[in-house]
Amino acid sequence: MSAQQAAIERARAAFLRACWLDVAVRKPGNVSLASPGHGMQASMFIASAQAAAGPLFEPGLGVGARIEGAVAATWAVAGCNTNLGILLLCAPIALAVERHPGAATRTDLHAAVESVLTGLDIDDARAAYRAIARAHPGGLGSAPAEDVREAPSVDLRAAMALAADRDLIARQYRDGFADLFALAFEAPVCAMACGEGQQGATDAPPDAAAVACVQRLYLACLSGVADSHIVRIHGEGVAQTVMAAAQAWRERERAGAVLDADPGFAAWDLSLKSGRINPGTSADFTVAALLLAGWIGPCAAPVRDAAHGWHGS
């Protein structure tokens, strides 16, 4: 196996591990093994990840083709949108790893992703537009320019930049995935969460440290910025209320609380679902952050520099 093939397989395993942790760990408002919601079960997300991994890590495909192929594969097994945001974030990472299999540090991987984003073209935009229109994510409205229901006239990065002020995932394309990298390496991610030693065992049950790691990432994102998915469906006010609640739970976790041991954490989860509030963008960021950490391997120490840490900016 070549170095490139080995890199692709390692990234694919890290992706599957991240998607498994996404549902294996309770993240309030999101579907999990412990708590279905929004008309969906955890098994749908697991099947979606397994189906999407093929086109997402298919050698030679561009970012747009990866997104479109993975969305089609997802719909074939799930019949609905379970992972569009995840695919939009992970496709550039997958191509970056393929092109730069030696990018083994945060700095090198970030540069590799930026190189991919710089090379995005109108074919990537066309394919991604078709995928987004097919997935039809919750709250998808119309845009005054480069609406996804129409043929794009600019490359994918330029199209995403037009939506960057209202969508956190689009902002990553404009800003070189800066927020995502800051989140992924803000705090140490345990080896099990990274996927270290999990080759062929991407669905191994998470231990307490892995659970805490995933919840830490999720709450860091949800408490740092209004969740785009919530804003689109419920408005800024609801998103701010959820963000404030997440900040309180994050402080408890930082103080050493085991969140799953607190009945209030599960109650918050059920309350969000009963209100049909799904922090989907924060879940997407958690998966992509775990993929980054899983690729890098033994994870970096916490970022203390305020200029580089996650602030939900």
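The structure under discussion appears in the preceding block.
No experiment lies behind these values; they were computed from the predicted model shown.

**Focus: unusual backbone geometry**
Of note in this structure, H38 is not a glycine but carries a positive phi near 60°. Examined against the element boundaries, H38 turns out to sit in the loop between α1 (3–24) and α2 (42–56).

**Overview of the packing of aromatic side chains**
A ring pair, where both rings are aromatic, is described by two values, the distance of the centres and the angle of the planes. Within this structure, the stated rule accounts for six aromatic pairs. Both rings, one in F181 and one in F185, keep their centres 6.3 Å apart while their planes meet at 35°; by these two values the pair is tilted. Taken together, the aromatic side chains of W249, F265 and W268 make up a single cluster linked through ring pairs. Between R10 and the ring centre of W295, over which it is positioned, the NZ or CZ distance is 3.9 Å. The side chain of R252 reaches across the aromatic face of W249, ending 4.1 Å from its centre.

**Things to note about the pattern of salt bridges**
Under the definition given, this model contains 14 salt bridges. Notably, a salt bridge pairs R174 with D175, separated by 2.7 Å at the nearest N-O pair. The class for R174 is partly exposed, based on a relative accessible area of 34%. Taken together, the salt bridges that share partners define one network made up of R26, D269 and K273.

**Things to note about the nonpolar core**
Ranked by size, the top nonpolar core spans 73 residues in total, and within it F15, V63, I67, L109, Y173 and F177 carry the most contacts. A total of 12 residues in this core trace back to one element, the largest contributor, which is helix α4 (residues 84–99). Beyond its immediate stretch of four places on either side in the chain, I67 contacts L87, L88, A91, A128, A131 and Y173. Within the second largest apolar cluster, 14 residues are counted, among which are L222, I230, A246 and F265.

**Thoughts on the environment of A73**
Its location among the elements puts A73 in helix α3 (residues 63–78). Take A73: its relative accessible area is 18%, and that puts it in the buried class. Separated by 21 residues in sequence, A73 and A52 have C-alpha atoms that sit 5.5 Å apart. Residues within four places of A73 in sequence aside, it is in contact with A51, A52 and P55.

Quick notes on the rules
- Residues numbered from 1 in each chain as written.
- Predicted model: local features only at pLDDT ≥ 70, side-chain atom pairs only at ≥ 80, totals over all residues.
- Heavy atoms only, no water.
- Helix = DSSP H or I, 4+ residues; strand = E, 2+ residues; numbered from the N terminus.
- Phe/Tyr/Trp six-rings, centres within 6.5 Å; stacked < 30°, edge-to-face > 60°.
- Lys NZ or Arg CZ within 6 Å of the ring centre and 35° of its normal.
- Salt bridge = Lys/Arg side-chain N within 4 Å of Asp/Glu carboxyl O.
- Buried < 20%, exposed > 50% of the residue type's maximum accessible area, 1.4 Å probe, protein only.
- Core = buried A, V, L, I, M, F, W, Y, C linked by side-chain atoms within 4.5 Å.
- Contact = heavy atoms within 4.5 Å.

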